[in-house]
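Below are the chains, spelled out letter by letter.
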Amino acid sequence: NAQGRNRPVLIGQVGIRCRHCYKLPAKQRKTGAVYYPNRLDGVYQTAQKMTVTHLCKHCTLIPDEIRDRLLYLKDQKSSDGGGKRYWADGVRSLGVIETPKDGLMMI
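The text that follows walks through the structure, step by step, so that each part is easy to find. (Residues numbered from 1 in each chain as written. Predicted model: local features only at pLDDT ≥ 70, side-chain atom pairs only at ≥ 80, totals over all residues. Heavy atoms only, no water.)

1. Quick word on the overall build of the protein chain
Note the threshold: For helices the rule is a DSSP run of H or I covering at least 4 residues; for strands it is a run of E covering at least 2, with both sets numbered from the N terminus onward. The buried label applies to any residue whose accessible area, calculated with a 1.4 Å probe on protein chains only, is under 20% of its type's maximum; exposed applies above 50%, and partly exposed to all values in between. Residue contacts follow a heavy-atom distance rule, with two residues in contact if any of their heavy atoms lie within 4.5 Å.
Counting its secondary structure elements, the protein chain contains three helices and four strands. The C-alpha extent of the protein chain, read off along each of the three principal axes, is 40 × 35 × 20 Å. Burial analysis of the protein chain (107 residues in total) assigns 27% to the buried set. Once local pairs closer than 6 in sequence are excluded, the contacts in the protein chain between residues at least 24 apart make up 53%.

2. What to know about empty space enclosed by the protein
Our working rule: Put simply, the grid is 1 Å and covers the protein atoms alone, a cavity is a trapped set of points that fit a 1.4 Å probe, a pocket is an open set with protein on both sides within 12 Å along at least five of seven lines, and lining residues have an atom within 4 Å of a point. Grid points are joined across faces, edges and corners, and a volume is the space filled by probe spheres set on the points. Residue polarity follows a fixed list, in which Ala, Val, Leu, Ile, Met, Phe, Trp, Tyr, Cys and Pro are nonpolar, Asp, Glu, Lys and Arg are charged, and the others, Gly among them, are polar.
Scanning the model with the defined rule gives one cavity of 30 Å³ or more in all. The calculated volume of the largest cavity comes to roughly 30 Å³. Every residue along the wall of the largest cavity is listed here: Cys-21, Leu-24, Gln-28, Arg-29, Lys-30, His-54, Cys-59, Thr-60 and Leu-61. Residues belonging to the lining of the largest cavity are distributed by class as follows: four nonpolar, three polar and two charged.

3. Considerations on the pairing of strand β3 (residues 96–99)
To keep it simple, the criterion reads: Whether two strands pair comes down to DSSP finding at least two bridges between them.
Where β3 lies against strand β4 (residues 103–106), four bridges are found, and the strand directions are antiparallel. Bridged to Thr-99 within β4 is Gly-103. Taking the residues between adjacent antiparallel strands as the criterion, β3 and β4 are bridged by three residues.

4. Points about the packing of aromatic side chains
Threshold: Stacked, tilted and edge-to-face are the three classes applied to pairs of Phe, Tyr and Trp rings, where Trp contributes its six-membered ring and a pair requires centres within 6.5 Å; stacked means planes under 30 degrees apart, edge-to-face means over 60, and tilted covers the rest.
Summed over the entire model, instances satisfying the criterion amount to one aromatic pair. Pairing Tyr-44 with Trp-87 gives two aromatic rings, centres 5.9 Å apart and planes at 75°, and the pair type is edge-to-face. Of this pair, Tyr-44 sits in helix α1 (residues 43–58) while Trp-87 is found in helix α3 (residues 83–93), placing the two residues 43 residues apart along the sequence. Judged by relative accessible area, Tyr-44 falls into the partly exposed class, the value being 23%. The class of Trp-87 is partly exposed, set by a relative accessible area of 29%.

So, in structure tokens, the structure goes:
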């Protein structure tokens, strides 16, 4: 089970995790280190949430120069991130599908 989840993670289920602290045991990872979005259009919001909460505030293993850059970019008003559809299409192109009850899965 990932932190804060009500249901167990399934084999083949797709999630995102912090590349800086992923090797730590689950109990040692800080808030927001792993997410399992349920929908393709939720990937963008999940990545934004991970950036703002985990990477910018909680992760103790992210290098300072990367955190500083993320904080700088967070304050910039830009549409360069592509938005929900861009992210959903990108994940879909990698072979991820949205299932009615199990969230995102690899095909």
